[in-house]
Structure formats: structure tokens, C-alpha cells
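The primary structure of each chain is shown beneath.
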Amino acid sequence: TAIVISLLSGLRLSNTVGSYQHGRKGLLWGDIDWEAKVLRIGEDRMKNHELFSQPLSDQLRAYLKAKLRALGSVPDPATQIVTPHDHKVRWRLAVEKSGIVGKVRWHDMRHHFAAVVGGKCPEATVRLLLGHSKTASVTAGYTDHQLMDDLRDALNKALPPLVDGKGQVILPKDLTTAPAANK
């Protein structure tokens, strides 16, 4: 679950599964605004201590809806979507199973997301989706619905198929190649 969320959102590990070191919870069911189709993470859980808003791509929305259906009931909004204790084992197994050779960090998925989206969207869009923009208003995620619609359209056009319409994971062939190492 954490891997799919990271690949489809570009979220940092700490925002996906939480950070015991910093005492932060990861992504919560309450962070999802299903009606507005927006993911919102409070400033207390963000690296830059600013509210983060990102539109849910159709794929991520379908995936999370499938997870909800599998649970059988709507969890408490304060419940983490991903349990933090098992991501390391699952990450290691996923890397081994993929056949990727060399050191692969969780953060490489964020770079992969930026590269994929950046190949089809303007740099400003990528900055907003990653939460790097210092010039965007913190309230824009709440007040500028057109911006969220535009960003969602960009995400839906840029992301390769990773989840089918039923929310089931499909593995694209380009995920089996290792990202370039950062220097």
C-alpha cells in the first residue's frame, strides 16, 4: 500500500507511513477529502511545516476506495492508512522481486514521480504536486478549486497505469528499471 501511494502521489516516506523519530503519523484516512478529491496533510506532519494539498489522481482514488471496500467499514479518520511497522520488509521484498540492481532508496519513488509527471507537465505543476512551492498560498488548496482540478488533470494525464479501474495494482514494465542515482 505504501509503495503504491508513494508512486502515485510522490509523498515522502514520513508522510506515507509516519516518522517515529519526529513523532509524526503518516497518511490518515481523515486526510482524504473524497468529495473534493483532494489529499490534505496538516502542517504538523509536513517537513516544511506548511499545509499540503494535492489532488487525488483517479488511480490513487480508485486504489484507496478499494482499500476501504476491503476493510468493510469506514475507519476512524485518525487511523493511518499504512501501518508503519511493515513498510521496510515490504520495500525490501518489492525491490528484490523487481530485479532492480543497486542501491534503491524509498525517496527514489519521489524522484520517479517527479520525472514521470515532469515529462508531461510544466515545472511549476511538479513543484506544487511535490509541495516544494514557497510562493503558493497555503489556503489555495482550500479556495482554488480550479487549481486542484487542473493539477488532477495533469496527474491523470502524466501517471502511467499502475492501478486499474477497480483499484487493483497492475505492474507497468517501466517500474522494473532502477532510477538514476543522485549525486
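One can find the structure itself at the top, above this paragraph.
So, here's what we can say about the structure. In every chain, residue numbers begin from 1 and rise along the written sequence. In keeping with the predicted nature of the model, local features appear solely for residues at pLDDT of at least 70, side-chain atom pairs appear and are counted solely at 80 or more, and the whole-chain, interface and lining totals rest on all residues. Water and hydrogen atoms play no part in the side-chain values, which are based on all heavy atoms of the structure.

### A word on helix α1 (residues 2-9)
Thought 1: Only protein chains enter the calculation, and the probe is 1.4 Å; a residue is then buried if its accessible area is under 20% of its type maximum, exposed if over 50%, and partly exposed in between. Each helix corresponds to a stretch of at least 4 residues labelled H or I by DSSP, and each strand to a stretch of at least 2 residues labelled E; elements are numbered beginning at the N terminus. α1 sits mainly inside the fold: seven of its eight residues count as buried.
Thought 2: For α1, the full list of buried residues reads Ala2, Val4, Ile5, Ser6, Leu7, Leu8 and Ser9.
Thought 3: Looking at the buried side of α1, the elements it contacts are α2 (13-16), β5 (52-55), α3 (58-71), α5 (107-118) and α6 (123-130).
Thought 4: Of the residues trailing α1, Gly10 is marked for its positive phi of about 75°. Residue contacts are defined here by distance: any two heavy atoms, one from each residue, within 4.5 Å place the two residues in contact.

### A short note on the sheet that holds strand β4 (residues 38-41)
The pairing of strands in a sheet comes from backbone hydrogen bonds and takes either a parallel or an antiparallel form.
Thought 1: Strands are labelled as partners when DSSP assigns at least two bridges between them. Judged by pairing direction, the sheet is antiparallel, and its three strands sit side by side in the order β3-β4-β5 without closing on themselves. Bordering the open sheet on either side are β3 (32-33) and β5, each of which pairs with just one other strand.
Thought 2: The pairing of β3 with β4 spans two bridges and is antiparallel. Residue pairing for β4: Asp33 is matched across the bridge by Val38.

### Some details on the pattern of salt bridges
Thought 1: Basic side-chain nitrogens of Lys or Arg form a salt bridge, by our definition, when they fall within 4 Å of a carboxyl oxygen of Asp or Glu. Applying the stated rule across the entire model yields five salt bridges.
Thought 2: Of the charged contacts, one joins Arg152 and Asp149 as a salt bridge, the two residues approaching to 3.0 Å between their closest N and O atoms. Of this pair, Arg152 and Asp149 both sit in helix α8 (residues 145-158), three residues apart, roughly one helical turn.
Thought 3: A residue is classified by how much of its surface remains accessible, and Arg152, at 7% relative accessible area, is buried.

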